[in-house]
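Fold and contact review
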Amino acid sequence: MSIPHDPQFILHQRLLAAMSTVLGDKLPENADPLLGPARDLKFGDFQSNAAMPLGKASGTNPRELAQKLIDALDVGDIAETPDIAGPGFINFRLKPEALTNALEAIDNDSLGIPALDQPSTVVVDLCGVNLAKQMHVGHLRATVIGDALARLHERLGYTVKRQNHFGDWGLPIAMVTRAIHRRLQDGSLDLDRLELEELEQLYRDAQRECAPDRKGLDAVKRYGLGPKAQAELEEQVEGSMIELEAAKKALVALQSGDKE
């Protein structure tokens, strides 16, 4: 969204008009005035670097082109007469009244931001949390950033929908649920005393149990590391595949609303 009383926006539009006047049909499509804050305040407030690439594209000396652009510019209402530096940088120094007008333009209830003609709906995902792990300061940071984006879009007139995405809700959760269920059945886990640290360890254990080491088995076979190593890895792969299939069934049960 462009603010019509923003001096940088005004200079940008005037430069585009001057570029069109000077170069006509030679002006490249989507040509950019390359206008930004001056790197050194002694050169002014804003600086355009457009003369160099435009000069190269049109076969014109950049400093000469910069002067032609200045001659075609109409910025006397907001800036002093621009000057040229180096190979063709165009420097702009704003007049005090330009800043005064810009400040006065935002002295209203809308803060100078024009309302959208056709506001659309924006969905902001505030925070992605892994349900099997502890939250940390990174989750707070993401939520603050998400809320800031939501407020900015609301201020601009958008209809904003906030949501929290629960990351890792799927097979990993089914894995840890299956592991908990199995330990409950064999009596090795007291659900009433289950704490977050133990749950995180169960999460890691469950993922390891469902990860078949096929690469290791292939390496044992490729390099002939012996029947004992091969048998152990074959057992690991087979056991992991059984656990993985059980976790997939648990996922189906979870997603279908199975009470247990």
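Analysis parameters
For every chain, the first residue of the written sequence is number 1, and numbering continues from 1 onward in sequence order. Thresholds applied to this predicted model are a pLDDT of at least 70 for local features of residues and 80 or more for the giving and counting of side-chain atom pairs; totals over whole chains, interfaces and linings are not thresholded and use all residues. Side-chain measures were taken over the full set of non-hydrogen atoms in the model, leaving aside hydrogen atoms and water. Put simply, DSSP H or I for four residues or longer makes a helix, DSSP E for two residues or longer makes a strand, and each gets a number counted from the N terminus. Only C-alpha atoms enter the radius of gyration, while the globule expectation follows 2.2 Å times N to the 0.38, with N the number of residues. Buried means the residue's accessible area, taken with a 1.4 Å probe over protein chains only, is under 20% of the maximum for its type, while exposed means over 50%, and partly exposed covers the values in between. By definition in these notes, contact holds between two residues if any of their heavy atoms fall within 4.5 Å. For accessible areas, the Shrake-Rupley method is used with a probe of radius 1.4 Å. Any residue's cover is judged against the shown protein chains and nothing else. For the purpose of counting charges, residues Lys and Arg are taken to be positive, whereas Asp and Glu are taken to be negative. His and the chain ends are not included. A single reference atom marks each charge: NZ on Lys, CZ on Arg, CG on Asp, CD on Glu. Interaxial angle, 0 to 180 degrees, is taken between N-to-C directions of lines fitted to C-alpha atoms, where a helix line uses only the stretch in contact. Angles below 35 degrees are treated as roughly parallel, those above 145 as roughly antiparallel, those between 65 and 115 as roughly perpendicular, and all remaining angles as oblique. Crossing handedness is read from the near helix: turned anticlockwise from the far helix by less than a right angle, it gives a left-handed crossing, and turned clockwise, a right-handed one. Residues are grouped as follows: nonpolar covers Ala, Val, Leu, Ile, Met, Phe, Trp, Tyr, Cys and Pro; charged covers Asp, Glu, Lys and Arg; every other residue, Gly included, is treated as polar. Nonpolar core, defined: a set of buried Ala, Val, Leu, Ile, Met, Phe, Trp, Tyr and Cys residues in which side-chain atoms within 4.5 Å join the residues together. Here a polar contact is recorded for every N or O atom pair within 3.5 Å, except that within protein the pair must consist of a potential hydrogen donor and a potential acceptor, and residues adjacent in sequence are included only if both atoms are side-chain atoms. A pair of strands is treated as paired once DSSP finds two or more bridges between them.

A few words now on the overall build of the chain. Looking only at helices and strands, the chain features nine helices and six strands. Computed over the C-alpha atoms, the radius of gyration of the chain is 32 Å, more than 25% above the 18 Å expected from 2.2 N^0.38 for a compact globule of 260 residues. In terms of its C-alpha atoms, the chain occupies a principal-axis envelope of roughly 85 × 55 × 35 Å. Every one of the 260 residues in the chain was classed for burial, and the buried ones make up 32%. Pairs at least 24 apart in sequence give 59% of the contacts found in the chain among residues at least 6 apart. A total of about 16,800 Å² of accessible surface is found on the chain, and carbon and sulfur atoms cover 53% of it. Separation between the mean location of the 29 positive side-chain charges and that of the 40 negative ones in the chain comes to 5 Å.

Attention shifts here to the packing of helix H8 (residues 214-223) against helix H9 (residues 227-255). When two helices pack together, their arrangement is captured by the angle between the axes and the distance separating the axes. Interaxial distance between H8 and H9 falls to 9 Å at its minimum, and their mutual angle equals 155°. Between H8 and H9, the angle is such that the two are roughly antiparallel. As for the relative orientation of H8 and H9, their crossing is left-handed in sense. Counting all contacts with H8, which are made through Arg214, Gly216, Leu217, Val220 and Lys221, the residues of H9 involved are Ala229, Gln230, Leu233, Glu234, Val237 and Met241. Here the contact of H8 with H9 is built from residues that sort into six nonpolar, two polar and three charged.

To continue, consider the nonpolar core. Counting residues in hydrophobic clusters, the biggest one holds 25 residues, and the most contacted among them are Leu11, Leu54 and Phe92. Breaking this core down by element, the ones donating at least two residues are helix H1 (7-23), helix H2 (51-58), helix H3 (62-72) and strand E4 (89-92). A per-element tally of this core places H1 first, with six residues. Core analysis: the next-biggest nonpolar cluster, separate from the first, contains seven residues, Val122, Leu126, Val129 and Ala150 among them.

Right, let's get into the side chain of Asp205. Position of Asp205 among the secondary structure elements: in helix H7 (residues 196-209). Only 2.7 Å separates the side chain of Asp205 from the side chain of Arg208, close enough to count as a polar contact.

Right, let's get into the sheet that holds strand E2 (residues 46-48). Read from one edge of the open sheet, four strands run E1-E2-E4-E3, paired in antiparallel fashion. The open sheet has two edge strands, strand E1 (35-37) and strand E3 (83-85), and neither has a second partner. Taken over all neighbouring pairs, the strand axes of this sheet differ in orientation by 35° on average, direction set aside. Pairing of E1 with E2, which is carried by three bridges, proceeds in the antiparallel orientation. What sits directly across from Pro37, in E2, is Phe46. The strands that H1 touches are E1, E2 and E4; relative to E1, the one it contacts most, it runs at about 150°. Packing against the sheet, H3 makes contact with E3 and E4, and its axis sits at approximately 160° to E3.

Turning to unusual backbone geometry, a few remarks are in order. With a phi angle near 60°, Asn30 is a residue other than glycine that sits in the positive phi range. Note on placement: Asn30 falls in the loop between H1 and E1. With a relative accessible area of 72%, Asn30 lands in the exposed category. Non-glycine residue Leu34 carries a positive phi angle of around 50°. Among the secondary structure elements, Leu34 is positioned in the loop between H1 and E1. Residue class for Leu34 comes out partly exposed when judged on its relative accessible area of 37%.

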